[in-house]
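Survey of secondary and tertiary structure
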Amino acid sequence: MNANTRSFDREKGIGLIIIILVLAFMASVGVALLTVTDIGKKVSGNIRWQEEAFNAAETGFDSAWALLENSFTAGGWTS
């Protein structure tokens, strides 16, 4: 055996190590993407609930304001 053959025998498993490292990196990126998309779904749900609560509060305020306006225009406060 010459020096080139011995060098090749020692470096035979490096391809497998590189493939394992690349696959591990791709798996971690995939898990990170799944986590981010799940968080985005939760955030959008929270924003929707916040908008619904704000709209309900605004409707209640508008109803109370209209009731007060009608009380004043009807000739003063009525008991």
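Residues numbered from 1 in each chain as written. Predicted model: local features only at pLDDT ≥ 70, side-chain atom pairs only at ≥ 80, totals over all residues. Heavy atoms only, no water.

**Observations regarding the overall build of the protein chain**
For clarity, the cut-off: Strands are runs of DSSP state E lasting at least 2 residues, helices are runs of H or I lasting at least 4, and numbering of each runs from the N terminus. Note on exposure labels: buried denotes an accessible area under 20% of the residue type's maximum, exposed denotes more than 50%, and partly exposed covers the range between, all computed with a 1.4 Å probe on protein chains only. Using a 1.4 Å probe, accessible areas were evaluated by the Shrake-Rupley method; residue-level cover was limited to the displayed protein chains.
Along the backbone of the protein chain there are 2 helices and 0 strands. A buried classification covers 3% of the 79 residues belonging to the protein chain. Accessible surface, the protein chain as shown: approximately 7,200 Å² in total, 69% of it carbon and sulfur.

**Observations concerning a nonpolar patch on the surface**
Stated formally: Patches in this entry comprise residues that are over 30% relatively accessible and not in a salt bridge; like charges within 9 Å are linked, as are nonpolar side chains (Val, Leu, Ile, Met, Phe, Trp, Tyr) within 5 Å. Just to be clear on terms, a salt bridge is a Lys or Arg side-chain nitrogen sitting within 4 Å of an Asp or Glu carboxyl oxygen.
A grouping of Ile14, Ile17, Ile18, Ile19, Leu21, Val22, Leu23, Phe25, Met26, Val29 and Leu33 is seen on the molecular surface, where their side chains present a nonpolar patch of about 1,100 Å² in accessible area. With respect to the helices and strands, the residue isoleucine 19 is situated in helix H2 (residues 14-73).

**Things to note about the pattern of salt bridges**
One pass over the full model with this rule turns up 2 salt bridges. Here aspartate 38 and lysine 42 are joined by a salt bridge, their closest N and O atoms 3.6 Å apart. With aspartate 38 and lysine 42 both in helix H2, this residue pair falls 4 residues apart, about one helical turn. Its relative accessible area of 53% is what places lysine 42 among the exposed residues.

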